[in-house]
Amino acid sequence: MPSQLAETYACVPLTERGRGILISGHPKTNTILYTSHRSVLILNLDNPLDVSVYGEHGYQATVARFSHNGEWVASADVSGTVRIWGAYNDHVLKKEFKVLAGRIDDLQWSPDGLRIVASGDGKGKSLVRAFMWDSGTNVGEFDGHSRRVLSCAFKPTRPFRIATCGEDFLVNFYEGPPFKFKLSHRNHSNFVNCVRFSPDGTKFITVSSDKKGMLYDGKTGDKIGELNSEDGHKGSIYAVSWSPDSKQVLTVSADKSAKVWDISDNGSGSLNKTLASPGSGGVEDMLVGCLWQNDHLVTVSLGGTITVFSSSDLDKTPLQISGHMKNVTSLSVLKNVPKTIISSSYDGLIIKWIQGIGYSGKIQRKERSQIKCLAAVEEEIVTSGFDNKIWRVSLHDDQCGDADSIDVGNQPKDISLAFLCPELALVTIDSGVVMLRGTKVVSTMTLGFAVTASAITPDGSEAIIGGQDGKLHIYSVTGDTLTEEAVLEKHRGAITVIRYSPDVSMFASADANREAIVWDSVSREVKLKNMLYHTARINCLAWSPDNNMVATGSLDTCVIIYEVDKPASNRMTLKGAHLGGVYGLAFIDEHSIVSSGEDACVRVWSLSSQS
């Protein structure tokens, strides 16, 4: 059964309040690079479903850049390591260097592609280093900074120069190679967040949390002008990017706006246009990153939303690309056409995706509470967080209607809905189960064992509850009471997930000891055994709509798909489906499956059956 990755719905750049992020672009195409957790993402602005992910960093990645010929990528992480790898195909690692003692905040290639300069936090050692990309040899001494250096830039034309700026409010200028200190400016009165040379090399600009932007001569390093403060930003400016013709710059700020400035030859900047960013105006709409990529003006908000304006028509409605920033823990596929995928991450974000299109909007709830479990049917979403509440939210298209919360007295572990009468929900808590009908708690039962997972049949007549001890307890549901019918013992670890097959003829269970089992619902005998191919805890499990396949997703980053009527050794494995582990899994139809995980991405895989 061969399978291939059909679509990736990318995670968004990882952002941090009060800090800018640096995204960068490909020298020839409309591809951009950004980082999220341990991944570096390569995203095509012309087709946001065209995504490639590099996940080889051992620590959180901070910045990545293409070399000037577009063949190589240099990416850096919080441990001070720079990795240089191929931009295409398998992203083969070329070199790895330990450059700084602390986190790297910015890096840049020299125009001849031979040297790299990196800056960041040195933990008492050097804060900036320039080195040969093939050998790692130092090319110069960078004195003059006393605190974290947030940004560095390489002059794109000869004679080579390097400019740096940082948390000591300084802008430093170095000549070389080998590079040595030339001069320093202290025109800013707060952190200097970003420095960039114009593509023609005649000027460079710095922007700062003091709301100002300063321009300097690219060759001598002297200050020549600044951005007009009358039309200026009302908040910290986090990032700046030059237009390809070196005549304009784009700036973004904590005041939630982006501005395009015209830069005159004598170095003064006048406002051309303020770009209003679409959004609710909350904190997550602060803009923290920007990039002028050919005809695209790209901004990134604190909430991670990437907004793309067209430079030839700034009034045109911008394209918005969004996604998750945190571990995506739940997935549901709604039956409407086209197939809609709903995913949620524990920070409370719920997103709708449409197969073949990708991002289709956020589902805005009135209460943005955290989400641990989520169950969805066409008209309703049921969620639980890290408090004792269950939320039932009605769903109309993209809009959430009224939300009702029910206090169940304990933190919910698992929610299962009876899909044929969805007002009936079974909620498991540590000591037992709570049954809900609509927003009423109709019964709370203490079961006498530590409960970890549950499932209820679509018609609400039978429930299975799994325990910490690995036993499965089967109950019949009559009215509002549960009566124990059988106890099944096969698992050797705590039960993590139980799911009935769509026709209820079978059910599957999985445990923390990496084993899954398929059972026959009527005889309660094992139907498929030896499903022991994961190397760590199984987090999630899904049935195909035709009841023929079971898929499991695990902490070991893999998804394994079994056919029920064939031996378990006939499995198909999707290796490395999600860096850090797979947490959500659902079949879209017989031929495709969607998965989500710790890397905040959602992926659709197409399966083709063997003849």
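Definitions and cut-offs
- Residues numbered from 1 in each chain as written.
- Predicted model: local features only at pLDDT ≥ 70, side-chain atom pairs only at ≥ 80, totals over all residues.
- Heavy atoms only, no water.
- Helix = DSSP H or I, 4+ residues; strand = E, 2+ residues; numbered from the N terminus.
- Rg over C-alpha atoms; globule rule 2.2 N^0.38 Å.
- Buried < 20%, exposed > 50% of the residue type's maximum accessible area, 1.4 Å probe, protein only.
- Domains from an automatic or database assignment.
- Contact = heavy atoms within 4.5 Å.
- Buried area = accessible area lost by both parts, 1.4 Å probe.
- Salt bridge = Lys/Arg side-chain N within 4 Å of Asp/Glu carboxyl O.
- Polar contact = N/O pair within 3.5 Å; in protein donor to acceptor, adjacent residues only side chain to side chain.
- Nonpolar A, V, L, I, M, F, W, Y, C, P; charged D, E, K, R; others polar.
- Pairing = 2+ DSSP bridges.
- UniProt positions renumbered as here; feature names shortened; annotations may be inferred.
- Core = buried A, V, L, I, M, F, W, Y, C linked by side-chain atoms within 4.5 Å.
- Axes fitted to C-alpha atoms, helices over the stretch in contact; angles between N-to-C directions.
- Disulfide = S-S within 2.5 Å.
- Phe/Tyr/Trp six-rings, centres within 6.5 Å; stacked < 30°, edge-to-face > 60°.

It is worth spelling out the overall build of the chain at this point. Counting its secondary structure elements, the chain contains zero helices and 55 strands. Against the compact-globule benchmark of 25 Å for 611 residues, the chain has a radius of gyration of 27 Å, which places it among compact chains. Along the longest, intermediate and shortest principal axes, the C-alpha atoms of the chain span 85 × 50 × 45 Å. Put simply, the chain has 611 residues, and 59% of those count as buried.

A few words now on the domain arrangement of the chain. Taken domain by domain, the chain comprises domain 1 (4-321) and domain 2 (328-541). Relative to domain 2, the C-alpha centre of domain 1 lies at a distance of 44 Å. Facing the seven residues of domain 1 at the interface are nine residues of domain 2. With both chains or domains summed, domain 1 and domain 2 bury close to 540 Å², and 63% of this area falls on carbon and sulfur atoms. Broken down residue by residue, the surface that domain 1 buries against domain 2 is led by E7, Y9 and L49, which jointly contribute 65%. Counting across the domain 1 and domain 2 interface gives zero salt bridges. On inspection of domain 1 and its partner domain 2, the count reaches one residue pair in polar contact (both at pLDDT 80 or more). Elements with a contribution of two residues or more to the side of domain 1 that touches domain 2: β1 (3-9) and β28 (319-321). Considering only residue class, the side of domain 1 that touches domain 2 consists of four nonpolar, two polar and one charged.

Counting buried positions over the six residues of strand β7 (residues 72-77) gives five, a clear majority of the element. Remark: five residues form the turn of the hairpin made by strand β6 (residues 61-66) and β7, two consecutive strands paired antiparallel; G70 in that turn has positive phi of roughly 75°. Pairing of β7 with strand β8 (residues 81-86), which is carried by five bridges, proceeds in the antiparallel orientation. Each residue of the ladder has a partner; that of S75, found in β8, is R83. As consecutive antiparallel partners, β7 and β8 are separated by three residues, and within that stretch G80 has a phi angle of approximately 90°, a positive value.

Time to look at the sheet that holds strand β4 (residues 39-44). Strand order across the open sheet formed by four strands is β2-β3-β4-β5, with antiparallel pairing between neighbours. Where the open sheet ends on each side, the last strands, each with one partner, are β2 (24-25) and β5 (51-54). Relative to β5, β4 runs antiparallel, the two being bridged by four bridges. The residue bridging L41 from the neighbouring strand is V53, located in β5.

Bringing the UniProt feature "repeat: WD" (unreviewed entry) in the chain into the picture now. Feature annotation in UniProt places "repeat: WD" (unreviewed entry) on residues 185-226, 230-264, 488-520, 531-572 and 575-611, given in this structure's numbering. As a span, residues 185-226 carries 0% helix and 52% strand, and end to end its C-alpha atoms are 13 Å apart. Taken end to end, residues 531-572 is 0% helix and 45% strand, and its first and last C-alpha atoms sit 12 Å apart.

Turning next to the pattern of salt bridges. Under the defined criterion, the tally for this structure stands at 20 salt bridges. The partner of R437 in a salt bridge is D480, with the nearest N and O atoms 3.1 Å apart. One end of the pair, R437, is in strand β39 (residues 432-437); the other, D480, is in the loop between β43 (471-478) and β44 (481-489), and 43 residues separate them in sequence. In this structure R437 comes out as partly exposed when scored by relative accessible area, which is 32%. Owing to a relative accessible area of 31%, D480 belongs among the partly exposed residues under this scheme. For E515, the salt bridge goes to R492, with nearest N and O atoms at 3.6 Å. One end of the pair, E515, is in the loop between β46 (506-511) and β47 (516-520); the other, R492, is in the loop between β44 and β45 (495-500), with 23 residues separating them in the sequence.

Counting residues in hydrophobic clusters, the biggest one holds 27 residues, and the most contacted among them are V82, I84, V99, I104, L107, I116 and V249. Breaking this core down by element, the ones donating at least two residues are β7, β8, β10 (104-109), β11 (115-120), β18 (203-208), β21 (237-242) and β23 (257-263). Non-local contacts of V99, meaning those with residues more than four positions away in its chain, are made with G80, V82, I104, A118, R129 and F131. Formed by 23 residues, the second largest nonpolar core is a distinct cluster that contains A10, I21, V288 and I321.

Take the side chain of E462 next. In this fold, E462 is placed in strand β42 (residues 462-467). Judged by its relative accessible area of 16%, E462 is buried.

On to the sheet that holds β8. Spatial ordering of the open sheet is given by β6-β7-β8-β9, a layout of four strands whose pairing is antiparallel. If you trace the sheet from one side to the other, it starts and ends with β6 and β9 (93-98), each paired once. Between one strand axis and the next, the sheet turns through 15° on average, direction left out of account.

A separate point is the state of the cysteines. Across all of its chains, the model carries zero disulfides by this definition. Lacking any disulfide linkage, C421 is separated from the closest cysteine sulfur, that of C373, by 20 Å. C421 sits in the buried class, given a relative accessible area of 19%. Unpaired in terms of disulfides, C601 finds its nearest cysteine sulfur in C11, a separation of 3.8 Å. Given a relative accessible area of 1%, C601 falls into the buried group.

This part is about the packing of aromatic side chains. In total, this model carries 17 aromatic pairs according to the counting rule given. Taking the centre distance of 4.8 Å and the plane angle of 65° together, the rings of F142 and Y174 count as edge-to-face. Here the residue F142 occupies a position in the loop between β12 (128-132) and β13 (149-154), and Y174 occupies one in strand β15 (residues 171-175), the gap between them amounting to 32 residues. Under the relative-accessibility criterion, F142 is labelled buried at 11%. For Y174, a relative accessible area of 0% translates into the label buried. Summarising the aromatic geometry, the rings of F197 and F204 are spaced 5.0 Å apart at their centres and angled 45° between planes, so their arrangement reads as tilted. Each member of the pair, F197 together with F204, is buried. An aromatic cluster is built from F142, F154, F160, Y174, F179 and F181, whose rings are joined through pairwise contacts.

Tracing the sequence through the fold places R161 in strand β14 (residues 161-166). When the C-alpha atoms of R161 and G584 are compared, they prove to be 49 Å apart, with 423 residues separating the residues in sequence. Excluding residues that lie within four positions of it along the chain, R161 makes contacts with A153, F154, K155, F173, Y174, E175, G176, F179, F197, G218 and K219. Only 3.0 Å separates the side chain of R161 from the backbone oxygen of K219, close enough to count as a polar contact.

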